[in-house]
Amino acid sequence: MAILVTRPGEKGQALCELLNQHGFASLHVPLIEVHAGAELNILPARMQALKRGDGVLAVSQSAVRFAHKALSNVGFRWRDDVNYFTVGAKTAQALCESSQQAVHYPYPHESSEGLLAQPHFAQFSGQKMLILRGNGGRELLTQQLRERGITVECVESYQRIAIEYDMPTQINMWQRAGISTIIVTSGEILRYLVESVGKNHHNWLLEQQFVTISARIAQQALDYGWRNVTHTARADNASILATLRLLRDEQHQ
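Structural notes, computed from the coordinates. No experiment lies behind these values; they were computed from the predicted model shown. Residue indices begin from 1 for each chain and proceed along its sequence in written order. Given that this is a predicted model, residues contribute local features only at a pLDDT of at least 70 and side-chain atom pairs are listed and counted only at 80 or more, while totals for whole chains, interfaces and linings are drawn from all residues. Working from all heavy atoms in the structure, the side-chain values ignore hydrogens and water.

Counting from the N terminus, the helices are the DSSP runs of H or I reaching at least four residues and the strands are the DSSP runs of E reaching at least two. When its secondary structure is counted, the protein shows 12 helices and 10 strands. Its C-alpha atoms give the protein a radius of gyration of 19 Å, within 12% of the compact-globule value 18 Å for 253 residues. Taken along its principal axes, the extent of the C-alpha atoms in the protein is 55 × 35 × 35 Å. Throughout, exposure labels follow a simple rule: accessible area from a 1.4 Å probe, protein chains only, divided by the maximum for the residue type, with under 20% read as buried, over 50% as exposed, and the rest as partly exposed. By the burial criterion, 50% of the 253 residues in the protein qualify as buried. A sequence separation of at least 24 residues applies to 67% of the contacts in the protein between residues at least 6 apart. Working note: accessible area of the protein is about 12400 Å², and carbon and sulfur atoms make up 47% of it. Within the protein, one finds 24 positive and 23 negative side-chain charges whose respective centroids are separated by 3 Å. For a compact globule the rule gives 2.2 Å times the number of residues to the power 0.38, and the radius of gyration it is set against comes from C-alpha atoms. It only takes one pair of heavy atoms within 4.5 Å for two residues to be counted as in contact. Using a 1.4 Å probe, accessible areas were evaluated by the Shrake-Rupley method; residue-level cover was limited to the displayed protein chains. Residues scored as charged are limited to Lys and Arg (positive) and Asp and Glu (negative), so that His and the chain ends carry no count. In this description, the location of a charge corresponds to atom NZ of lysine, CZ of arginine, CG of aspartate or CD of glutamate.

And the structure:
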């Protein structure tokens, strides 16, 4: 089983190293880069304007990393009188370490839908929620909060930028490497993958085993035409490894 890893940055590289340690051949081809967001300069003022009992929601580790750096650069500390939320455990750990505050997150369903069902989030009664997120992305949480009468402010803490490849050359390399499984960790990466691969290679692309980190992205892959689609229990690299090991065991039966 040769695996194409499209997860960006250090997490993607760490995933490849983890897979290689467990006998998987892997190739890291990140399709996006993550950079500082365009609105970080307004973050300290937005944090300062929150009232006691309001909320801060970070959608990813990148949101936490860039936000923490922006706040630290101006000597601003994370508030200790607001509620903190994240979509996943790893992001919660990063925010907890940065803010030194308790962070609520959904378990085991690390998703926007899971967060909406998380008791502390479902019972949140603050007046305002400050969402730290990337450019684009889903509007589900924003919409649901506003329907509950909560004021929502979003700060673009990071931005995703597509990496330009000579895609015919890439496809040729993937085929020669015997790629049979593709790991995709966001809807944006999936869309870019499909749009950047020429139509003459779509049949090959859709024949590969598709592994992702949520049921939502899995459904998107099915809508694009993939037939062999699997999603992990959680979004972390260890869960991806566990899923791949199960797939390998099934192939060997």
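On to the environment of L141. Inspection of the secondary structure puts L141 in helix 7 (residues 140-147). What makes L141 buried here is its relative accessible area of 7%. Along the primary structure L141 and E250 are separated by 109 residues, whereas in three dimensions their C-alpha atoms are 37 Å apart. Each residue touching L141, except ones within four places of it in the same chain, is listed here: L57, V87, S112, L115, L116 and F121.

Three or four residues apart is the spacing at which side chains of an α-helix point the same way, because the helix has 3.6 residues per turn. Among all positions in helix 8 (residues 167-176), only M167, Q170, I171 and W174 are buried. Taken end-on, helix 8 shows its buried residues confined to a sector of 100°, consistent with a single buried face. Of the exposed residues in helix 8, the ones pointing more than 90 degrees away from its buried face are P168 and R176. Looking at the buried residues of helix 8, the elements they touch are strand 1 (2-5), strand 2 (25-28), strand 8 (179-184), helix 9 (187-196) and helix 10 (202-207). Phi turns positive one or two residues past the end of helix 8, at G178, with a value near 75°. The arc refers to the directions leading from the helix axis to the C-beta atoms.

A few words now on the side chain of T6. Positionally, T6 belongs in the loop between strand 1 and helix 1 (9-21). Pairs of N or O atoms are called polar contacts if they sit within 3.5 Å, as long as, within protein, a hydrogen donor faces a hydrogen acceptor (for residues adjacent in sequence, only side-chain-to-side-chain pairs). Polar side-chain contacts of T6 include one of 2.6 Å to the backbone oxygen of I183. Excluding residues that lie within four positions of it along the chain, T6 makes contacts with V29, P30, L31, I182, I183, V184, T185 and I189.

Next up on the list: the pairing of strand 9 (residues 209-212). Going residue by residue along strand 9, you find Q209 and V211 tucked away on one face and F210 and T212 tucked away on the opposite face as well. For two strands to be treated as a pair, DSSP must find no fewer than two bridges joining them. For strand 8 and strand 9, the ladder comprises 4 bridges, and the chain directions are parallel. Bridge pairing in strand 9 places I183 opposite V211.

On the basis of which strands lie adjacent, the open sheet formed by 5 strands has the order 2-1-8-9-10 and parallel pairing. Either end of the sheet is taken by a strand with one partner, and the two such strands are strand 2 and strand 10 (229-231). Strand-to-strand twist across the sheet, computed as the mean angle between neighbouring axes with direction ignored, equals 25°. Of the pairings in the sheet, the one linking strand 1 to strand 2 comprises 4 bridges and is parallel in character. Directly across from A2, in strand 2, lies its bridge partner A25. Working convention: axes come from line fits to C-alpha atoms, limited for helices to the stretch in contact. Angles between N-to-C directions cover 0 to 180 degrees. Those strands touched by helix 11 (residues 215-224) are strand 9 and strand 10, and its axis lies near 170° from that of strand 10.

Bear in mind that shape data such as this cannot, by itself, settle questions of function.
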